[in-house]
Every structure is written in C-alpha cells, then in structure tokens.
Amino acid sequence: MFKSKTILTGKAKIDFEKWMQDKIILHPDINFNSIADQFQATLIIEWLDSVFIVLTINNTYYDGFHFYWEINMAKPLRSDHSFETREQATISAIEKANEIYNSK
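What counts as what
- Residues numbered from 1 in each chain as written.
- Predicted model: local features only at pLDDT ≥ 70, side-chain atom pairs only at ≥ 80, totals over all residues.
- Heavy atoms only, no water.
- Helix = DSSP H or I, 4+ residues; strand = E, 2+ residues; numbered from the N terminus.
- Rg over C-alpha atoms; globule rule 2.2 N^0.38 Å.
- Buried < 20%, exposed > 50% of the residue type's maximum accessible area, 1.4 Å probe, protein only.
- Contact = heavy atoms within 4.5 Å.
- Pairing = 2+ DSSP bridges.
- Axes fitted to C-alpha atoms, helices over the stretch in contact; angles between N-to-C directions.
- Core = buried A, V, L, I, M, F, W, Y, C linked by side-chain atoms within 4.5 Å.
- Phe/Tyr/Trp six-rings, centres within 6.5 Å; stacked < 30°, edge-to-face > 60°.
- Parallel < 35°, antiparallel > 145°, perpendicular 65-115°, else oblique.
- Nonpolar A, V, L, I, M, F, W, Y, C, P; charged D, E, K, R; others polar.
- Expected span 1.5 Å × (residues − 1).

Caption draft 1: Molecular detail of the overall build of the protein. The helix and strand inventory of the protein stands at four helices and three strands. The C-alpha atoms of the protein give a radius of gyration of 14 Å, which matches the 13 Å a tight globule of 104 residues would have. Residues classed as buried in the protein amount to 39% of the 104 residues present. Within the protein, contacts between residues at least 6 apart in sequence are counted, and of these 49% link residues at least 24 apart.

Shown next as structure tokens:
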C-alpha cells in the first residue's frame, strides 16, 4: 500500500506541500492523506513533473514493470529492478525521485 506520509521526505515533502497549497484546491473537510492512494501518487507525480523530474512506468520488457526517470529533459534512465505490479514500480519511482530532489 502507498504510504504518502513517509514517501516524500525533507525538502521534497516541504516543497510538495507548498505546491499542494498553491495549485490544488481541496474541500476544507478533505486533507491529502484522506485521498485514495492512487490519487496521492498522481498528485506527487504531477508535482514532480513541475520540478522537471519526469517518471514513466511501463512493462515493455515483459519481465515486470520498470520505471524510468528523466531530469530536465535529459535521456531517461531505467530502473535496474523489475517489479511485479505497477503500484510497486510507482512507489519505487517516487522514492527515487524523492532521493534525487533532496540531493539537489
């Protein structure tokens, strides 16, 4: 299961929360953690796009799902590990993006 509270850390978490406040309008009774896991991942990926870290998940190699990341429109890099599900690949891709963003 997607763990939004812990998947983003440090500077990435702070900047994502600012982006959410500025760009996403939620009903006052709804907070980010009450949104379905799939939508949380979608919002994080949208934010990553806005900071030029583009994630792509696919299974074109037929050995499971892989993720790719691209920074500032450079050549995409592929994960070395394959995942059984798209959800697992998405979580790992976001974790990798979090690491990249926090190292800037």
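Anyway, onward from the coordinates.
Caption draft 2: Quick peek at the side chain of Ser79. Structurally, Ser79 can be placed in the loop between strand S3 (77-78) and helix H4 (86-102). Ser79 gets classed as buried once you look at its relative accessible area, which sits at 5%. If we skip the residues at most four places from it in the chain, Ser79 touches His66, Phe67 and Trp69.

Caption draft 3: Up close: the sheet that holds S3. Strand order in the open sheet formed by three strands is S1-S2-S3, and the pairing between neighbours is antiparallel. What marks the edges here is a single partner per strand, and that holds for strand S1 (53-58) and S3. Relative to strand S2 (residues 66-71), S1 runs antiparallel, the two being bridged by six bridges. Along S2, the bridge assignment pairs Ile57 with Phe67. Strands S1 and S2 of the sheet are contacted by H4, whose axis makes an angle of about 160° with S1.

Caption draft 4: Examining the nonpolar core more closely. Within the largest apolar cluster, 28 residues are counted, with the highest numbers of intra-cluster contacts made by Phe16, Ile44, Trp47, Leu48 and Leu55. Looking at this core, the elements with two or more residues in it are helix H2 (10-23), helix H3 (37-50), S1, S2 and H4. Beyond its immediate chain neighbours, meaning those up to four positions away, Leu55 contacts Ile45, Leu48, Asp49, Tyr68, Trp69, Ala93, Ile94 and Ala97.

Caption draft 5: Layout of the packing of aromatic side chains. Overall, the coordinates contain five aromatic pairs when judged by the stated rule. Centroid distance Phe16 to Trp47: 5.9 Å. Interplanar angle 70°. Geometry classified as edge-to-face. Of this pair, Phe16 sits in helix H2 while Trp47 sits in helix H3, placing them 31 residues apart in sequence. What links up through ring pairs into an aromatic cluster is the set Phe16, Trp19, Trp47 and Tyr101.

Caption draft 6: Spatial organisation of the packing of H2 against H3. At a minimum axis distance of 10 Å, the contact between H2 and H3 shows a crossing angle of 100°. Judged on the interaxial angle alone, H3 and H2 are roughly perpendicular. The segment H2 lies against H3, with Ala12, Asp15, Phe16, Trp19 and Met20 engaging Leu43, Ile44, Glu46, Trp47 and Ser50. When its residues are assigned to classes, the contact of H2 with H3 shows seven nonpolar, one polar and two charged.

Caption draft 7: Representation of H4. Taking 1.5 Å per residue, 17 residues should reach 24 Å; H4 reaches 24 Å between its end C-alpha atoms and fits that length. For H4, the set of buried residues is Ala89, Thr90, Ile91, Ser92, Ala93, Ile94, Ala97, Asn98, Ile100 and Tyr101.

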